[in-house]
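# Observations on the three-dimensional arrangement
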Amino acid sequence: MTDDNPSIDRPRGDEPPAGEPPTEPTAEQPTEAQATEQRPAPPPASGPRRLRRSSGDRVVVGVAGGLGRYFNVDPVIFRIGFGLSVFFGGLGAFAYLLLAVFVPTDGDPDRAQRAGGRLQSIGLWRGLALVALGLVALGGLFVLAGGAAFAVALGWGIPVAIVVIALGALLALTARSGGARWLIPPAVAIAMGAGVAAASDVDIRGGIGERDYRPLSAEAIPADGYGFGMGHLVVDLRAIDWAQERVVNLDVDLGVGQADVFVPASVCVTGSTHVGAGESLVAGEQDEGTDVDNDVASGSAAVPRLVIDADLDIGQLRVVNSDTADADDGGYGPGSFHDDSALLRDAQARACAAR
Amino acid sequence: MRTDPVSLASGAAIAALGALVLLDSSGALDVSLGWIAVALSAALGVIVLVSGFAKDDSGRQD
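Residues numbered from 1 in each chain as written. Chains lettered and ligands numbered in written order. Predicted model: local features only at pLDDT ≥ 70, side-chain atom pairs only at ≥ 80, totals over all residues. Heavy atoms only, no water.

## Things to note about the nonpolar core
Residues and elements named next belong to chain A. Test applied: In this text, buried Ala, Val, Leu, Ile, Met, Phe, Trp, Tyr and Cys residues form a nonpolar core when linked through side-chain atoms within 4.5 Å. Note on classification: 1.4 Å probe, protein chains only; a residue is buried when its accessible area is under 20% of the maximum for its type, exposed when over 50%, partly exposed between these limits. In DSSP terms, a helix is any run of H or I states spanning at least four residues, a strand is any run of E spanning at least two, and both are numbered starting from the N terminus. We call two residues in contact when some of their heavy atoms are within 4.5 Å.
Among the nonpolar cores identified, the biggest contains 28 residues, and Leu237, Trp242, Leu250, Val261, Val269, Leu306 and Ile308 are the most heavily contacted of them. When contributions to this core are tallied by element, the ones reaching two or more residues are strand S2 (226-236), strand S3 (247-263), strand S4 (268-282), strand S5 (285-296) and strand S6 (305-321). Top contributing element to this core by residue count: S3, with seven residues. Residue contacts for Val261: discarding those within four places in its chain leaves Val235, Leu237, Leu250, Val252, Leu306, Ile308, Arg318, Val319 and Val320.

Written out as structure tokens, the structure reads:
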């Protein structure tokens, strides 16, 4: 038997003599097609069953097709599993990547298999060193992006923008002489950091640190309010005699960080707040996201009343109407942070209904 | 020497981002975080897309 005609596996003794025409098939002698159907499957190769990626049944690199064949189930089940796993931590996507690289294909070696071969040839220590190098490079890009954002927040937006434009122009100019692709990641990192900081209108020129203000009267509050660049700002107005002051105006302006304003539970909180990106919790009303604007109890004439104008670029703004809350404690009484916000909403409703 | 399309497209995209930052920082334009996210995604998309096409072209030449 040769590879050219594998359909008939006839014993040598049954072959007709040379020169004699082959005999017609009889009822006992099956045709070639019948012989092909009746021929037993070739014996399985010795050794354990091997997992191979499928070269025929593949959507990406044949991982699900190979797993389906190995476990004798529909590969669609694996495809759905891998797809869903992306939305639940991405562990399945990571597993898919590992299988794609380290499980060989049953056909000609593809790109994933070649990459796996290269990785295996590198060795463990060299591989770890490469991973460490990659992490350092990634960290460097984060530092570049953070540095650019910091510079923009310090008011150097225009110089940083010019640097970004110059990097872009340099890249475009080098394109004719082979290009400078290595410049793309750092340039993109700088552009990203600068872009996010510029769009957030972050301004940290007012300083960095922690400020704690506890004025004893409305007159002690500066006309332009309280504010600084980056850090934790606490304005506690609970020492004010609210029965005498009745209405207190307060401006708060923070670049990046957390701003906490405290008033007694009996005070109606009114005014407007803006958070560029982050979370806003004003008298128990919680919002989060980008450009979070909140008009609180607008038009209320209740007294005592706080009229606040707060602006936070990035971070968390809290206006807490509670007699017991503490700036160092996230909660306002028993229970977790969010459960307690109902207490603040109730207090606000009572305070703003009073006249 | 042949022009590198990836460097050319990336340079243009990054310069456009820089122009956006410049306009915002100078007060000529008020770009929101949402729009900067769109611009950054578009720039990254252009870079990835052109890189993919460039790789495809070089593969065909092999």
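## Let's talk about unusual backbone geometry
Outside of glycine, negative phi angles account for most residues, and trans bonds account for most peptide bonds. Residues and elements named next belong to chain A. Cis geometry marks the peptide bond from Val303 to Pro304; its omega dihedral reads -5°. Positive phi is not limited to glycine here, since Asn72 has a value of about 60°. Topologically, Asn72 is positioned in the loop between helix H2 (63-71) and helix H3 (75-85). For Asp291, which is not a glycine, the phi torsion comes out positive at approximately 50°. As for its position among the elements, Asp291 is in strand S5. A relative accessible area of 37% places Asp291 in the partly exposed class.

## Quick word on helix H4 (residues 91-102) of chain A
Residue and element names in this part refer to chain A. So the rule is basically this: Take the number of residues in a helix, subtract one, and multiply by 1.5 Å to get its expected span.
Given a rise of 1.5 Å per residue, twelve residues ought to cover 16 Å, and the 16 Å separating the end C-alpha atoms of H4 matches this to within 8%. All of the buried residues in H4 are Gly92, Tyr96, Ala100 and Val101. As for H4, its buried residues are in contact with H2, H3 and helix H5 (111-122).

## Quick word on the pairing of S5(A)
Residues and elements named next belong to chain A. For clarity, the cut-off: The rule for pairing is simple: two strands pair if DSSP sees at least two bridges between them.
As paired strands, S4 and S5 are joined by eleven bridges and run antiparallel to one another. Residue Ser280 lies in a different strand from S5, and its bridge partner there is Asp287. Linking S4 back to S5 in an antiparallel pair, the connection comprises two residues, with Ala283 at a positive phi of about 50°.

## Points about the state of the cysteines
Residue and element names in this part refer to chain A. Counted only if it meets this: Disulfides are defined in this document as cysteine sulfur pairs within 2.5 Å.
Taken as a whole and assessed by the stated rule, the structure comprises one disulfide over all chains. The disulfide that involves Cys268 links it to Cys352, with 2.0 Å between the sulfurs. Residues Cys268 and Cys352 are joined by a disulfide whose S-S torsion is about 90°; by sign, that bridge is right-handed. In this pair, Cys268 is assigned in strand S4 and Cys352 in helix H10 (residues 337-353), connecting sequence segments 84 residues apart. Look at Cys268 and you get buried, because its relative accessible area is 0%.

## A closer look at H3(A)
Residues and elements named next belong to chain A. Spelled out, the test is: Directions from the helix axis toward the C-beta atoms define the arc.
When we look at burial in H3, the residues that qualify are Pro75, Phe82 and Ser85. One face of H3 carries all of its buried residues, which in axial projection span an arc of 90°. Here the buried face of H3 lies against H2 and H4.

## Some remarks on the confidence of the model for chain A
For clarity, the cut-off: Known as pLDDT, the predictor's confidence for each residue is given on a scale from 0 to 100.
Per-residue confidence for chain A averages 82 on the pLDDT scale, and 83% of its residues sit at or above 70. Per-residue pLDDT, averaged within each element of chain A, yields its smallest value for helix H1 (residues 32-38) of chain A (48) and its largest for helix H7 (residues 157-174) of chain A (95).

## Things to note about the pairing of S4(A)
Residues and elements named next belong to chain A. Counting buried positions along S4 yields twelve of 15 residues, so the element is predominantly enclosed. Bridge count between S4 and S6: 14 bridges; the pairing is parallel. Counted as the bridge partner of Val269 is Leu306 from S6.

## Here's the deal with the sheet that holds S5(A)
Residues and elements named next belong to chain A. Test applied: Only the contacting stretch of a helix is used when fitting its axis, a line to C-alpha atoms as for every element, and angles between N-to-C directions run 0 to 180 degrees.
Overall, mixed pairing links the six strands, which are arranged S1-S2-S3-S6-S4-S5 in an open sheet. Looking at strand neighbours, the two that pair on one side only are strand S1 (208-213) and S5, the edges of this open sheet. Direction aside, the axes of adjacent strands within the sheet are offset by 15° on average.

## Overview of the pattern of salt bridges
All names here are of chain A. Put simply, the rule is: Criterion for a salt bridge: a side-chain nitrogen of Lys or Arg within 4 Å of a carboxyl oxygen of Asp or Glu.
In this structure the tally under the stated criterion is ten salt bridges over all chains. Linking Asp110 and Arg53 is a salt bridge whose minimum nitrogen-to-oxygen distance equals 2.8 Å. With Asp110 in the loop between H4 and H5 and Arg53 in the loop between H1 and H2, this pair connects stretches of sequence that are 57 residues apart. Accessibility expressed as a relative area gives 13% for Asp110, which makes it buried. Salt-bridge contacts for Arg318 lead to Asp260; the nearest nitrogen and oxygen are separated by 2.8 Å. Note that Arg318 is positioned in strand S6 and Asp260 in strand S3, a separation of 58 residues in sequence. Take Arg318 and Asp260: they sit in the same class, and that class is buried. Taken together, the salt bridges that share partners define one network made up of Asp212, Arg214, Asp236 and Arg238.

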